[in-house]
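Survey of secondary and tertiary structure
What follows is each chain in one-letter form.
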Amino acid sequence: MEKITFEQLQEELYYEKLTNGLDVYILPKIGFNKTYATFTTKYGSVDNQFIPLGKEEFVKVPDGIAHFLEHKLFEKEDGDVFQQFSRQGASANAFTSFTRTAYLFSSTSDVELNLETLIDFVQDPYFTEKTVEKEKGIIGQEITMYDDNPDWRLYFGLIENLYQNHPVKIDIAGTIDSISHITKDLLYECYNTFYHPSNMLLFVVGPVDVEKIMKQIKENQAKKPFESQPEIKRRFEAEKKEANEGKKVLEMNVQTPKCLLGIKALHHDQSGMEMLKNELTTNVLLDMLFGKSSANYEQLYNEGLIDDTFSYDYTQESGFGFAMIGGDTSNPEQLVARLKEMLFAVKNSGLTNEALQRTKKKKIGGFLRAVNSPEFIANQFTRYAFNEMNLFDVVPTLEKITIDDVQRVANEFISEERLSVCQVIPKKKIRAVL
Amino acid sequence: MTVISETVKEMQGYNLHIVKTEKFKTNTLVWKMKAPLSKKEVTLRALLPYVLQSSSKKYPSSTKLRTFLDELYGASFYVDLAKKGEYHVISFALEIANEKFLSDKTPLLRIGMEFLAEILTNPNVANDAFEQDTVEKEKRTHKQRIQSNFDDKMKYSSTRLVEEMCKGERYALHVHGEMNEVDGITAQSLFSYYKKAFSEDELDLYVIGDVSENEVTALANEKMKFSPRQPQLLDRNEVVGDREVKTINEVQDVKQGKLNIGFRTNVLYGDEDYYALQVLNGIYGGFSHSKLFINVREKASLAYYAASRLESHKGLMMVMSGIEHKNYDQAVAIINEQMVAMKKGDFSEQELVQTKAVIRNQLLETVDTARGMIEILYHNVVSHQNITLDHWLVQMERATKEDIVKVAQKIQLDTVYFLTGQEAMQ
């Protein structure tokens, strides 16, 4: 077991790679009641073309299957795992993102028992035709719920504009039609390919005895005969550099228009320190441009173009990435025009060191605030690790960013051809009230 | 073992609550102001915190104010509005790094307290009025804030249920006030409301973090002084209207129907049978092992979510679910059947035990965040009680099946609200 100390933060992280390939991390948090554990596979909605374990040909699976699998893993022959966790005083949950599926629990008692339940239920699938059919009704309602959600539609509308081929443009839950093609055999095929320990990471954070927890996890894994597995082969179709479409307008049952401007990532093949630095520098740039203390923010607010829903973010993964800027607005066209002016104004010069220093301070403080949260630590650490980055490198990397770094990112990242806009506007009709 | 040890000190015009804990890397300061909800003032009151947080005498523009916060290691500062029973509560929350974890040893807590005092007591005012431009800008944003409730159908249908269910009661008022009242607000009228609120509201300051009680008390005493007051207290509960069950259908262009059902519990926070009510809600619909989740979602496959929650200070229990329009009758029938099961005591020992375990876990988890801790402690201010979390947990554990069945008899169905799509009209 390896121990990694973060002196300034006064935190210690313990790590071991088990013989079956599973990465295990434990971070003791003294004074907390809660222990939080996540068991995550590097498998998300974008992994829809791959060579199944033991086969030789690529297959393409129905949209939404990773998320469907996440739902179905909770059901066992003898009932529902949610029930078992709550009998043990824990609350359990799971989520599927573009690149990950995570299973988790939090509990303030019986941590070892709950941890055993977590590992065992994820490593023991039970899919039948009957339970798969039943789930289609439930997930169908989940999909319909998101269909009515204007923020979700706006977000995916923008990703669809940016990407032509990459599966990031497909809704994580799929569609009612795509999930109708899911079968128990397909679920097993995905499960067997992606849920091998060597493709997974277990993170435990809370007031725990590190030695005892590590021993428990090792014993649990030693009992299960995992054969070593070759590297997973995934396939993604080639993606062009430019945005696929420049603009999309969705009419929905809303009263306030919404607008997001997006910029497609320039680098689709980064990982590790290079990715960390690029992602952080791009976020620093956005914060300097549009943070609440920026002149731009004040102008947009004074012009009545933004309100407190305004936000901005840049996220990058292997194969895709994007910046998004926007929120509710009374005038989407004018907001887009102003955002573009502001972005292109700093393309070759205009960023100040003073703003950079302020943003860095803000981000360092923000990181301290974030590490109060066990959920943040476990989920983000896993996301970083799957991209060969280390969450705890964030502060030292931020500290090293120079104004030249930010200016260089501004120069190369801000580009008309990789830019796109999505709007949600009110439908032109009056609502009827009975 | 004491779960939270809170020290409460009477200060000039307010109470100071300190929780010393080493578990956070930041210090959290929350200022709370409470007054009865009132139709006349709800919109003024809702606008006030947004105007106060946008500038002050020392920081006359939001850019200057936000620059100051960024320099302070990105202190997070925001305002929040809530309805707690028949009261309208304003919160100002400042979370600031603890310099212990920084290489720079600037005394951030002192600066934070000064900042909060500046925002509360030194607003950007001239000639008995707030600065005109700021008020106009914030009015515009506030109208958008009120309007946006319509666009999130889950929020919208919950608000509509309360509006219909509590018609004529203070609780029916919207937390952000009324759209058609915003234009009438002036820089003068808002300032005179500001003076009123700061002389009449019940005021509380919470400080959570690795702090010294003496230092915090001295600091608060130095920076914040208000006139003494006798806060207005309301009668326990206001229920208007008869006992007929109301059924409301509203048609909009939506794909998924939103079903919201409201019950009157006739039990308030701290009542003897309040703890049994908490367990009842947990068995009925509070969690993913509860009857609603199992029967509406897992067995009938009608919904993705089906849950219930309590409004402890108003005595409401509200069920919410998203369903297909055609499944309305079936969903309502299941939800009602499960309530009948609760009243008949049709639940197992295991359901009882697991619900208690999960409630306990949820509470202990809540106090792992500073904001969660404050929300739990503030229940005592709203209800004018002094219930410790330990006592709360012990009472909850003691609730028996008989207690739950007994409290279930008090629960009355009040309103069934359904937001449904256009095809349902044909």
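As the structure is a prediction and not an experimental result, all values here were calculated from the model.

1. Description of the pattern of salt bridges
Residues and elements named next belong to chain B.
- All chains considered together, the criterion is met by 66 salt bridges over all chains.
- Where E164 meets K167, a salt bridge forms, and the shortest distance between an N and an O atom there is 3.2 Å.
- For E164, a relative accessible area of 10% gives the class buried.
- Look at K167 and you get exposed, because its relative accessible area is 51%.

2. A closer look at the domain arrangement of chain B
Residues and elements named next belong to chain B.
- The assigned domain composition of chain B is domain 1 (6-223) and domain 2 (246-425).
- Distance between the C-alpha centres of domain 1 and domain 2: 30 Å.
- Contacts between the two partners involve 36 residues from domain 1, matched on the other side by 34 residues from domain 2.
- Of all residues in domain 1, the largest losses of buried area upon contact with domain 2 belong to K84, L161 and M165, amounting jointly to 20% of the total for that side.
- Our count for the contact surface shared by domain 1 and domain 2 stands at seven salt bridges.
- A salt bridge links K84 to E375; the shortest N-O distance between them is 3.7 Å.
- Remark: the boundary between domain 1 and domain 2 carries 16 residue pairs in polar contact (both at pLDDT 80 or more).
- When residues of the side of domain 1 that touches domain 2 are traced back to their parent elements, those giving at least two are β2 (15-20), β3 (26-36), β4 (76-84), β5 (87-97), α5 (153-165) and β8 (202-209).

3. What about empty space enclosed by the protein?
Residue and element names in this part refer to chain A.
- The tally for this structure, following the rule as stated, stands at six cavities of 30 Å³ or more.
- The computed volume of the largest cavity comes to approximately 60 Å³.
- Taken together, Y43, G44, S45, D47, N48, V61, P62, D63, G64, I65, A66 and I170 form the lining of the largest cavity.
- Class assignment for the residues of the lining of the largest cavity results in six nonpolar, four polar and two charged.

Definitions and cut-offs
- Residues numbered from 1 in each chain as written.
- Chains lettered and ligands numbered in written order.
- Predicted model: local features only at pLDDT ≥ 70, side-chain atom pairs only at ≥ 80, totals over all residues.
- Heavy atoms only, no water.
- Salt bridge = Lys/Arg side-chain N within 4 Å of Asp/Glu carboxyl O.
- Buried < 20%, exposed > 50% of the residue type's maximum accessible area, 1.4 Å probe, protein only.
- Domains from an automatic or database assignment.
- Contact = heavy atoms within 4.5 Å.
- Buried area = accessible area lost by both parts, 1.4 Å probe.
- Polar contact = N/O pair within 3.5 Å; in protein donor to acceptor, adjacent residues only side chain to side chain.
- Helix = DSSP H or I, 4+ residues; strand = E, 2+ residues; numbered from the N terminus.
- 1 Å grid on protein atoms, 1.4 Å probe; cavity = no way out; pocket = protein on both sides within 12 Å on 5 of 7 lines; lining within 4 Å.
- Points joined across faces, edges and corners; volume = space filled by probe spheres on them.
- Nonpolar A, V, L, I, M, F, W, Y, C, P; charged D, E, K, R; others polar.

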